[in-house]
Amino acid sequence: MIPDLTPTQILTLTATVLTAVSLWLLLPRGGGRFARPIGVVLGLVALGLFVSRLSGLTNLGLGAEGLGAKIVFWVLAAITVVSAAGAVTMRSPVYCAIWFAMTLLGTAGLFLFQGAQFLGVATIVVYAGAILVTFLFVLMLAQSEGHAYYDRVSWEGLTSAAVGAVMIGVLTMVISDALAPTVPVDKADQAAAGEVVAKTAVVDPSTEEARAAEILSPQHMDHLGAQLFSKHLIAVEVAGTLLLVALVGAVAIAIQGKQMPKTAGGARHG
Amino acid sequence: MGELELLHGYLIIGALLFGIGLVGFLARRNMIVMFLAAEMMLQGISVSLVAWGRFHNDWGGQMLVIFILTVAACEAAIALALVLMLFHSSGRLDVAVWQHLRESNQLPFVDQELPEAEVEEPVWPELTPAGVEPEHSLDEVVHRGHV
Amino acid sequence: MFEGDKIHLLMALIPALPLLSTLIVATFGKFVLRERSHLPVIAAMAGSFVLSLLLLYEVHNRTVLADEAYAKTETTDAAATDDHHAGDPTKKAVEEVYTLWTWAAVDKEYARGTENVDGTAAPADVAGKEFNFIVDVSLRADPLTAIMLCVVTFVSTLVMIYAVGYMHGDPSYWRFFTYMSLFVFSMTMLVSVSNFVMLYVFWEAVGVSSYLLVGFWFEKPSAVAAGKKAFLVNRVGDFGFAIAIFLIWVTYGTLNFHDTAATDTAPAVAGILGQLRLADPTLYVGGAVGLAICLCLLTGACGKSAQFPLHVWLPDAMEGPTPVSALMHAATMVTAGVYMIARCTPLFMASPHAQHAVAAVGGFTALFAALIAITQTDLKRVLAYSTISQLGYMFLGLGAGTVAGISAGMFHLFTHAFFKALLFLAAGSVMHAMGGVIDMRKIGGLRHLMPKTCWTFWFGALALSGVFPFAGFWSKDAIIAAAGVRGEEGPAATLYTVLFWASLFTAFLTALYTFRALFLTFYGRERIAPEAGHHAHESPSVMTLPLAILAFCALGAGALFDWHSIFANFLGHTPSLAYSAVAATASHGEHSHLGLAVFSTFVALSGVGLAAYLYLGDQIAVTKLTTWLSSPFGLRLYQLSYGKFFVDAIYQLIIVWPLQLLASVLGWFDRRVIDGLVNLGGHLPVRLGALLRPLQMGLLPFYALVMMLGTLVLIGTLFMWRA
């Protein structure tokens, strides 16, 4: 029942496997001085394979006017993914946080590329500016002496990497299968093989003009605000309440902690 | 580039972010880094949502990302407060310390062997040879109690 | 004017009073009445007795009328034949049936074929008809019932009065009287009902009462075992009785004794012992079917009346309190079998071989039980075997098949009730005084300590031995005479001759063991059992008064009721006995058998004399006897007799032990296999849980990993089977 693998699928699988191996090598493990460099190299190779998977790159000749956009997109994507890998695999938690900040920058860039101006800025301001700073504060408060042992080992590295890789692979295949442009040759083959993959080519549901009126209009913020406070008003109110509750809760938890006895190696309160 | 390719690319990136975040959540033992990886998973989802929103010319995608942002903020506040409390009671940020919910006849997980800490060579300041070398204690240089 | 209603009221009230007292004592006995629980019961018994006497009077009036009607038919037919009993015997029948309600009715239940079960032709009145299955709760009043009711209620009253003194201080005093009045209710209903199914119901009810009362002191394991044994052995007999009922239904299409009149929906059905059928004896089925019915009825009677081989329960039933033994196992319950056979006389008349079987069983059991009784050391056991032996006499009388024999059997039942109850109550008095010890080896010489008990026991013993003019003489003598007459001519004459001589020898043995018991208990050196304590004195008057009354009955009842054959004549008005086949046997044996009377008295007195020789005085002869018995042959004889001919051991071997083996095998199977399977069903989740438990490590990353794996499996499945 495993369908015959098309070349693109083989490519995807290879990329997935390489991602897994590279992540595993990059994760903090004891021993092996060459683990990290090899992991980096393999990761870049995997990334390259993923990129080649996408049709965008192969169709470089689709008009020079799209080239700039494509290059911007690829750079942003590369920043994001490499930073993500770094954020996950660093030995020091502070380094992880910094790499995560880099990831957020990349993501913000991607949002802006999509035309989601508010989100791009909000990501930087809220996520990188508030949440990440909170992370760093907590790291300061919860620092152990030197590099802690638990930062130097990973838990079930191979299984985790495998799971992640399988997840990526499955998602990629699903997405690609769902969004693949109509390839007449393949379609006939697959129909003959009995795999009823109900794929009508996914059609662009709206026109460019419509997009320009809504998502990509110059009055982006106005439209966003109008949508937010009309269609999603209740959700906004609830979100506000949620923030209040979280604030109160965090304070309550923290105050309770003040009365707990100090343990050996516990940090002093700031 | 065409809308479809754009969507395709964004979805792949979203999947990659999610997958990397997943690996980080499963593999790391530092509670804060685990939480960071969870945040990364949320970022991946946000990327996908925004891409879908643009594809379908629907504001819903961005709305959801705004709320994801809000919820992530609340979640961060509470989770970090809890992590701090756990740190205070055990002195470590290791998630493997907290095994109390296991079944009564299961043995606890114990680290078998830990890799040695990479002792960094202490970086001595280079001083010019003129003058008396000042006294310095080893502890002050090596000990990094507080960042 | 109110004749019909008055007799119906009597018939209904006689069993209703004991039932009422049962309910009262059962409800209020434990907390309200307590030590006064005997009051409602004795009132009910006495009331029933008075009503029974009234019923007897009513029936007697009707028999007088019936005699006149018979006399009319006699004179008209006397000219026709020269047999001076010519006349329509069915005119003598007196019966009154009172239907209370219908218990069960199924229309068109049974379509009778034209053939019997064994292929012979069906009786003319049932062949080819359709029958409704109807069970009525109906009571009847006829001489047989009236006599039985009087006996039962009279003895019950006296025994209840006695029990006030005997059971005094017992913690379950109220329970005793509840069960006793339940028993009396069941017994009165048993002799009053007019339907085989109802008879079976109350047959079982007296069995239940027996079980409850024998196992009354249920803390004693021997009493519990005895109760169970009584019930189970009775069950074997009841099984035969049930088969007989089935056969009767299939053959005759009805289960009523009486005729049912025609209604709108059903034609008239002749009862099995009803006038219509009795008028024409060809309507009775003989041959194999009739023999089968009668033998099955005999089995039921053997179970209830403790004949061989179902006699084993009666000696063990002596574990119950002595009033129970006196009432049930001497006077009333064990006579239910005799009553039933007497009632079913027409069926037995249609099948002479069954009558021979009845006589043979009775005669053999009489001899058998007497042989066992001469070596027993427990006074109550001696009396129990004596009861079995006397019941054998009654069966012998019924099995003779002549009107003389049947009347003699019933008369012996009548007198036996008095003197056997007397003997048991006297034994109870001794037991009460000796603190529960009734082993004759441990007690002796009590005649000075308990004079009243001693002379009442003398009266009872003389009556049992059949010495003139005590009651037993008249009845036992009549039975032996009937057997002898039957042995002179007619079918199976040799059988009856053998039985005649056997019964004479049994009479000798009866006298021997009775007086052996009397001399051992009341004469000789005075020995009081150590358990007696302060009880060792004469019983209170509440116990000795019934003894005295029964003693006078034992003295005079025989002579009184046999004078001019009052009893036999009265009994002859019962429909079962007032028809042609029975009447035809009446012509023989009218000659007086004075010679036989003298001979039997001589036999009895010689038994008394031998007992006196052996057991009175210094008992030198006993020592000689013991020496002789120590020889191998003598020892074997002694052991055979003392060990009850090892019947119990045989039953243990061939019935009880295989059943216990089977039960233990099945028990093992139940415990290991079936319970094992169930336990396995319980263990499986435990094992499964142990397998799954390592999933709960308590480690968060592990949980997340497993969660992700599950999600992956889901997505993968969805992906693969995306059709």
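Residues numbered from 1 in each chain as written. Chains lettered and ligands numbered in written order. Predicted model: local features only at pLDDT ≥ 70, side-chain atom pairs only at ≥ 80, totals over all residues. Heavy atoms only, no water.

Draft legend 1. Representation of the overall build of chain A within the structure. Along its length, chain A carries eleven helices and zero strands. In sequence order, the secondary structure elements of chain A are arranged as α-α-α-α-α-α-α-α-α-α-α. Expressed as a percentage of its 270 residues, the buried residues of chain A come to 40%. Taking the contacts inside chain A whose residues are at least 6 apart along the sequence as the reference set, 62% of them involve residues at least 24 apart. By element, 72% of the accessible surface of chain A is carried by carbon and sulfur atoms, the whole surface being about 14,000 Å². (Helix = DSSP H or I, 4+ residues; strand = E, 2+ residues; numbered from the N terminus. Buried < 20%, exposed > 50% of the residue type's maximum accessible area, 1.4 Å probe, protein only. Contact = heavy atoms within 4.5 Å. Areas by Shrake-Rupley, 256 points an atom, 1.4 Å probe, with all protein chains shown as cover.)

Draft legend 2. Structural detail: the overall build of chain C. Helix and strand counts for chain C come out as 26 helices and two strands. Across the 723 residues that make up chain C, the buried fraction comes to 55%. Put simply, of all contacts in chain C between residues at least 6 apart along the chain, 79% involve residues at least 24 apart. Within the structure as shown, chain C displays about 29,500 Å² of accessible surface, and the carbon and sulfur contribution to it stands at 71%.

Draft legend 3. The arrangement of the interface of chain B and chain A in detail. At the junction of the two partners, chain B supplies 85 residues and chain A supplies 106 residues. Of the roughly 8,900 Å² buried between chain B and chain A, counting both surfaces, carbon and sulfur atoms make up 77%. Taken together, the connections running from chain B to chain A amount to zero salt bridges. Across the contact surface, chain B and chain A share seven residue pairs in polar contact (both at pLDDT 80 or more). Looking at the side of chain B that touches chain A, the elements that each hand over two or more residues are helix H1 (3-27), helix H2 (31-56) and helix H3 (60-90) of chain B. Among the elements that take part in the side of chain B that touches chain A, H3 of chain B stands out by supplying 23 residues, more than any other. Partitioning the side of chain B that touches chain A into residue classes produces 52 nonpolar, 19 polar and 14 charged. (Buried area = accessible area lost by both parts, 1.4 Å probe. Salt bridge = Lys/Arg side-chain N within 4 Å of Asp/Glu carboxyl O. Polar contact = N/O pair within 3.5 Å; in protein donor to acceptor, adjacent residues only side chain to side chain. Nonpolar A, V, L, I, M, F, W, Y, C, P; charged D, E, K, R; others polar.)

Draft legend 4. Focus on the packing of H1 of chain B against H2 of chain B. All names here are of chain B. Across the interface, H1 lies against H2 with an axial gap of 7 Å and an inter-helix angle of 165°. By the angle between their directions, the pair H1 and H2 is classed as roughly antiparallel. Considering how the two elements wind past one another, H1 and H2 form a crossing that is left-handed. For the contact of H1 with H2, a count of residues per class yields 20 nonpolar, six polar and two charged. (Axes fitted to C-alpha atoms, helices over the stretch in contact; angles between N-to-C directions. Parallel < 35°, antiparallel > 145°, perpendicular 65-115°, else oblique. Left-handed = near helix turned anticlockwise from the far one by under 90°.)

Draft legend 5. Representation of the confidence of the model for chain A within the structure. Residues and elements named next belong to chain A. When pLDDT is averaged along chain A, the result is 76; 74% of the residues meet or exceed 70. At the low end of the mean pLDDT range in chain A sits helix H8 (residues 184-192), at 46; at the high end sits helix H5 (residues 93-114), at 92. Taken together, the stretch residues 182-199 has pLDDT below 50 and engages in twelve contacts with residues farther than four places along the chain or on a different chain. Segment residues 264-270 is flagged for pLDDT under 50; beyond a separation of four residues in sequence, or across chains, it makes eleven contacts in the model. (pLDDT = per-residue confidence, 0-100.)

Draft legend 6. Spatial organisation of the environment of Val312 of chain C. Residues and elements named next belong to chain C. When you line up the elements, Val312 lands in the loop between helix H8 (287-305) and helix H9 (313-316). The spacing of Val312 and Val233 is 79 residues in sequence and 7.7 Å in space, taken between C-alpha atoms. Ignoring any residue separated from it by four or fewer positions in sequence, one finds Val312 in contact with Lys229, Val233, Val647, Asp648 and Tyr651.

Draft legend 7. Fine view of the packing of aromatic side chains. All names here are of chain C. This structure, assessed with the given rule, holds 43 aromatic pairs over all chains. Look at Phe473 and Trp474: their rings are 5.2 Å apart centre to centre, the planes differ by 75°, and that puts the pair in the edge-to-face class. Looking at Trp474, the relative accessible area reads 23%, which means it is partly exposed. Aromatic ring contacts, followed pair by pair, group Phe49, Phe154, Phe411, Phe414, Phe418, Phe561 and Phe567 into a single cluster. (Phe/Tyr/Trp six-rings, centres within 6.5 Å; stacked < 30°, edge-to-face > 60°.)

Draft legend 8. Fine view of the nonpolar core. If you look at the biggest cluster of nonpolar residues, it comprises 199 residues, and the most contacted ones within it are Phe196, Leu297 and Leu347 of chain C. If we ignore the near neighbours within four places in the chain, the residues touching Phe196 of chain C are Phe241, Ile245, Ile248, Leu255, Phe257, Ile272, Leu297, Cys344 and Leu347 of chain C. (Core = buried A, V, L, I, M, F, W, Y, C linked by side-chain atoms within 4.5 Å.)

Draft legend 9. Here's a closer look at the pattern of salt bridges. Here the structure, examined in full by the defined rule, presents 15 salt bridges over all chains. A salt bridge links Asp94 of chain B to Arg29 of chain B; the shortest N-O distance between them is 2.7 Å. On the criterion of sequence distance, the pair formed by Asp94 of chain B in the loop between H3 and helix H4 (138-142) and Arg29 of chain B in the loop between H1 and H2 is long-range, its members being 65 residues apart. Per residue, the accessibility class of Asp94 of chain B equals that of Arg29 of chain B, and both read buried. Notably, a salt bridge pairs Asp439 of chain C with Arg441 of chain C, separated by 2.9 Å at the nearest N-O pair. What emerges from the salt-bridge pattern is a single network uniting Glu95, Arg140, Asp142 and Arg343 of chain C.

Draft legend 10. Fine view of H5 of chain A. For H5 of chain A, spanning 22 residues, the distance from its first C-alpha to its last is 31 Å, which sits close to the expected 32 Å at 1.5 Å a residue. Gly115 of chain A sits one or two positions beyond H5 of chain A and adopts a positive phi of about 95°. (Expected span 1.5 Å × (residues − 1).)

Draft legend 11. Representation of the environment of Leu69 of chain B. Position of Leu69 of chain B relative to the elements: it lies in helix H3. Overall, the relative accessible area of 9% leaves Leu69 of chain B in the buried class. Remark: the alpha-carbon pair of Leu69 of chain B and Ser46 of chain B, spanning 23 residues in sequence, is separated by 8.8 Å. Setting aside chain neighbours within four positions, we find Leu69 of chain B in contact with Ala122, Val126 and Tyr127 of chain A.

Draft legend 12. Quick look at unusual backbone geometry. All names here are of chain C. Omega for the bond connecting Phe308 with Pro309 falls within 30 degrees of zero, at -5°, which places this linkage in the cis form. Of note in the backbone geometry, Ala306 takes a positive phi value of approximately 55° without being a glycine. Taking the relative accessible area as the measure of exposure, Ala306 reaches 0% and is therefore buried. Non-glycine residue Phe646 carries a positive phi angle of around 55°. Residue placement: Phe646 occurs in the loop between helix H24 (632-642) and helix H25 (647-692).

Draft legend 13. Quick look at the layout of surface pockets. All names here are of chain C. Looking at the second largest pocket, its volume works out to about 970 Å³. Residue lining of the second largest pocket: 34 residues in total, with Ile374, Arg516, Tyr615, Leu625 and Tyr638 positioned closest to the centre. Of all the secondary structure elements, the ones that give two or more residues to the lining of the second largest pocket are helix H18 (493-522), helix H22 (594-615), helix H23 (620-630) and H24. When its residues are assigned to classes, the lining of the second largest pocket shows 21 nonpolar, nine polar and four charged. (1 Å grid on protein atoms, 1.4 Å probe; cavity = no way out; pocket = protein on both sides within 12 Å on 5 of 7 lines; lining within 4 Å. Points joined across faces, edges and corners; volume = space filled by probe spheres on them.)

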